[in-house]
Amino acid sequence: GREMNIDYPAEVYIIVVKEATESQYKRSIQVYKDGVTIGGIGSMATWSDKRSQLTFLAAGTLVHVNVKVTADTKANKAKAQKLALQIIEKM
């Protein structure tokens with residue numbers, strides 16, 4: 001019964017590919033023209049500001065975490081990293 005106004009529609013998508021290889025990871029990040037390597041998340045992780053997506057490989061699982069909760073790319077990146085670490089904990 002309470003009215004809410006949201007300036008930015010929040011979106012979070014998580015795609016999981018089991019039994020993935022390093023080759024599949026590298027192929028999936030080829031489209032990231034602005035890709036930046038992120039340390040401390042799985043065995044490999046790359047963030048794309050343009051796509052607002054973090055892709056990482058951990059325990060043989062390829063995961064894409066797409067986060068658009070604000071217009072601020074740094075905040076989206078931080079939220080994606082936090083989600084990625086939570087996903088790895090559950091693996």
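What this report covers is the structure whose coordinates are included nearby. (Residues numbered from 1 in each chain as written. Predicted model: local features only at pLDDT ≥ 70, side-chain atom pairs only at ≥ 80, totals over all residues. Heavy atoms only, no water.)

1. Points about the side chain of Ser28
At step 1: Inspection of the secondary structure puts Ser28 in helix α1 (residues 22–28).
At step 2: Among the residues examined, Ser28 registers a relative accessible area of 19% and is labelled buried.
At step 3: Apart from residues lying up to four places away in sequence, Ser28 is in contact with Thr55, Leu62 and His64. (Helix = DSSP H or I, 4+ residues; strand = E, 2+ residues; numbered from the N terminus. Buried < 20%, exposed > 50% of the residue type's maximum accessible area, 1.4 Å probe, protein only. Contact = heavy atoms within 4.5 Å.)

2. A few points about the pairing of strand β3 (residues 44–48)
At step 1: Burial analysis of β3 places five of its five residues in the buried class, which makes it a mostly covered element.
At step 2: With two bridges connecting them, strand β2 (residues 36–37) and β3 associate as antiparallel partners. Looking at the pairing, Thr37 lines up with Thr46 of β3.
At step 3: Remark: six residues form the turn of the hairpin made by β2 and β3, two consecutive strands paired antiparallel; Gly40 in that turn has positive phi of roughly 85 degrees. (Pairing = 2+ DSSP bridges.)

3. Considerations on the pairing of strand β5 (residues 61–68)
At step 1: Of all the eight residues making up β5, seven are buried; the element is thus mostly covered by neighbouring parts of the structure.
At step 2: Pairing between strand β1 (residues 11–17) and β5: seven bridges, direction antiparallel. Bridge pairing in β5 places Tyr13 opposite Asn66.
At step 3: Pairing of strand β4 (residues 53–58) with β5, which is carried by six bridges, proceeds in the antiparallel orientation. Considered in β5, the bridge of Leu57 is made with Leu62.
At step 4: Hairpin geometry of β4 and β5 is characterised by an intervening segment of two residues between the two adjacent antiparallel strands and by a positive phi of about 50 degrees at Ala59.

4. Section: the sheet that holds β1
At step 1: Across the sheet, five strands lie side by side as β1-β5-β4-β3-β2; this open sheet has antiparallel pairing. At either end of the open sheet lies a strand with only one pairing partner, and these are β1 and β2.

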